[in-house]
Amino acid sequence: MSLKCGIVGLPNVGKSTLFNCLSNAKAQSANFPFCTIEPNVGMITVPDERLNKLVEMCNPRSVVPATVEIVDIAGLVKGASKGEGLGNKFLANIRETDAILHVLRCFDDDNITHVDGNVDPVRDMEIINYELQLKDLETVDARLSKTLKAAQTGGDKTAKLQAEVLKAFKDALEQGKPARSVQFETKDEQRFAHDLFLLTNKPVLYVCNVDDASAVEGNKYVEQVKEALKGDSSQIMIVAAATESDIAELETAEERAEFLEEIGLKESGVSRLIRAAYALLDLQTYFTAGADEVRAWTFLRGTKAPQAAGIIHTDFEKGFIRAEVIKYDDFVTLGSENAVKEAGKMSVEGKEYVVNDGDIMHFRFNV
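Residues numbered from 1 in each chain as written. Predicted model: local features only at pLDDT ≥ 70, side-chain atom pairs only at ≥ 80, totals over all residues. Heavy atoms only, no water.

Q: Looking at this structure, I do not really get the layout of surface pockets. What am I missing?
A: If a probe as big as a water molecule is rolled over the atoms, it shows which places are left empty. For the largest pocket, the calculated volume is near 930 Å³. Surrounding the largest pocket, 27 residues form its lining, Asp98, His194, Asn201, Pro203 and Leu281 being those nearest its centre. Looking at which element gives the most residues to the lining of the largest pocket, the answer is helix 6 (residues 187-195), with three residues. The residue makeup of the lining of the largest pocket, split by class, is 14 nonpolar, eight polar and five charged. Taken as a whole, the second largest pocket spans an internal volume of roughly 740 Å³. Residue lining of the second largest pocket: 29 residues in total, with Pro47, Arg256, Ser268, Val270 and Ser271 positioned closest to the centre. Contributing elements (two or more residues each) for the lining of the second largest pocket: helix 1 (15-23), strand 2 (40-45), helix 2 (49-58), helix 8 (241-249), helix 9 (253-262) and helix 10 (269-280). Of the residues assigned to the lining of the second largest pocket, the class counts are 16 nonpolar, six polar and seven charged. (1 Å grid on protein atoms, 1.4 Å probe; cavity = no way out; pocket = protein on both sides within 12 Å on 5 of 7 lines; lining within 4 Å. Points joined across faces, edges and corners; volume = space filled by probe spheres on them. Helix = DSSP H or I, 4+ residues; strand = E, 2+ residues; numbered from the N terminus. Nonpolar A, V, L, I, M, F, W, Y, C, P; charged D, E, K, R; others polar.)

Dropping the structure here:
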């Protein structure tokens, strides 16, 4: 599975600059709204020192890291849900993403125009959230009228369940609450709720885009965002997108490390953001490692061995026999798979084994 995130925000908040840092793609970035006309899609390699270490030890013929797909759309404005600024079209581009990165402008710069005249990240956040809620309400209303008719005339049990889910979403949205504030108990309800692909049902990571001087501790604007989001389950992180852009231009890892040290950061905002997105969705990584290939595989926390095998290929899950598991620390400490086996550190696990972050897996199957 590959994580897919959509970037949203008002015009000129630094979305495309952040996107460029993340994907090394060159989305247009200019000082006027709607510069990004078509959605930009970038594929990011997930930074993981464990993968690097396994590559160093195995010297494989190929390396496949985990990836995150990022979709950047044009800046949204008031009325986007109704088509203002071409927003209606752009919102459709992020409907099937797993999570939303909501970029907020938390810096002053007289040379960069703010679409609403002054910097106010809380107001900006409310504008975008309101537009996403309106778009979801439009989706729910359209689906509800059809579903109610089927539930009432045909006595369809599935339609009745779907109608209850839609009504719950409608009530929340009309109260100005996001769809994710509604919790469902049964798997059928949860499955239908997910398959609606509502924008406000997705987890959100608020990215406070600050100036260079605020990259470590934030500023008054970041504090305003934190205060506004008290009690909200969404996460916040601080990134200086312009600074990250400068870091991305440096050629060597040593130069990037020196730059980060100079401004008081241990690692880049890009690395922190990707890890935060993984945590937001409760994602983890297991590895397959050998002379042919070292590869990182993304899975949902709590996944059992057969389903983890199915991420590689459906046949692996269908014909699952067992999983041979080596803990990453044991592999690194002992130096090789053979040494791990000789030390009795490789375990053989069955269908109920819950895969752990960092496990090195080898699956046995028969189809």
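Q: What should I look at first to understand the pattern of salt bridges in this one?
A: Oppositely charged side chains are able to pair whenever their charged atoms sit close together. Evaluated as defined, the whole model comprises 21 salt bridges. Between Arg275 and Glu267 there is a salt bridge, and its shortest N-O distance comes to 2.4 Å. Look at Arg275 and you get partly exposed, because its relative accessible area is 47%. Classification of Glu267 by relative accessible area gives partly exposed; the value is 25%. Each member of the salt-bridge network shares a partner with another, and the members are Asp48, Arg50 and Asp357. (Salt bridge = Lys/Arg side-chain N within 4 Å of Asp/Glu carboxyl O. Buried < 20%, exposed > 50% of the residue type's maximum accessible area, 1.4 Å probe, protein only.)

Q: I keep staring at the nonpolar core and nothing clicks. Help me out?
A: The tendency in soluble globular proteins is for nonpolar side chains to be buried as a group. Membership of the largest hydrophobic core comes to 70 residues, with the highest contact counts inside it found for Val68, Ile70 and Val207. In terms of residue count, the dominant contributor to this core is helix 10 (seven residues). Dropping the residues within four chain positions of it, Ile70 is found in contact with Cys5, Ile7, Phe19, Leu22, Asn40, Val41, Gly42, Ile44 and Leu101. The next biggest cluster of nonpolar side chains, apart from the first, holds 16 residues, and it includes Ala179, Val182, Phe184 and Leu198. (Core = buried A, V, L, I, M, F, W, Y, C linked by side-chain atoms within 4.5 Å. Contact = heavy atoms within 4.5 Å.)

Q: How do you make sense of the side chain of Ser214 when you look at a structure like this?
A: Considering the arrangement of structural elements, one finds Ser214 in the loop between strand 6 (204-209) and helix 7 (220-228). On the accessibility criterion, Ser214 (8% relative accessible area) is buried. Those residues in contact with Ser214 that sit more than four places away from it in its chain are Asn219 and Ile238.

Q: How should I be thinking about the pairing of strand 10 (residues 320-326) in this particular structure?
A: Across a regular strand the side chains alternate sides, sitting on one face of the sheet and then on the other. Across the seven residues that make up strand 10, a large majority, five, are buried. Relative to strand 12 (residues 360-365), strand 10 is paired through six bridges, and the arrangement is antiparallel. Within strand 12, the position partnered with Arg322 by the bridge is Arg364. In the sheet, strand 10 pairs with strand 11 (residues 347-349) via three bridges, with the strands oriented antiparallel. Directly across from Glu324, in strand 11, lies its bridge partner Val348. (Pairing = 2+ DSSP bridges.)

Just geometry here; none of it tells us what the structure is for.
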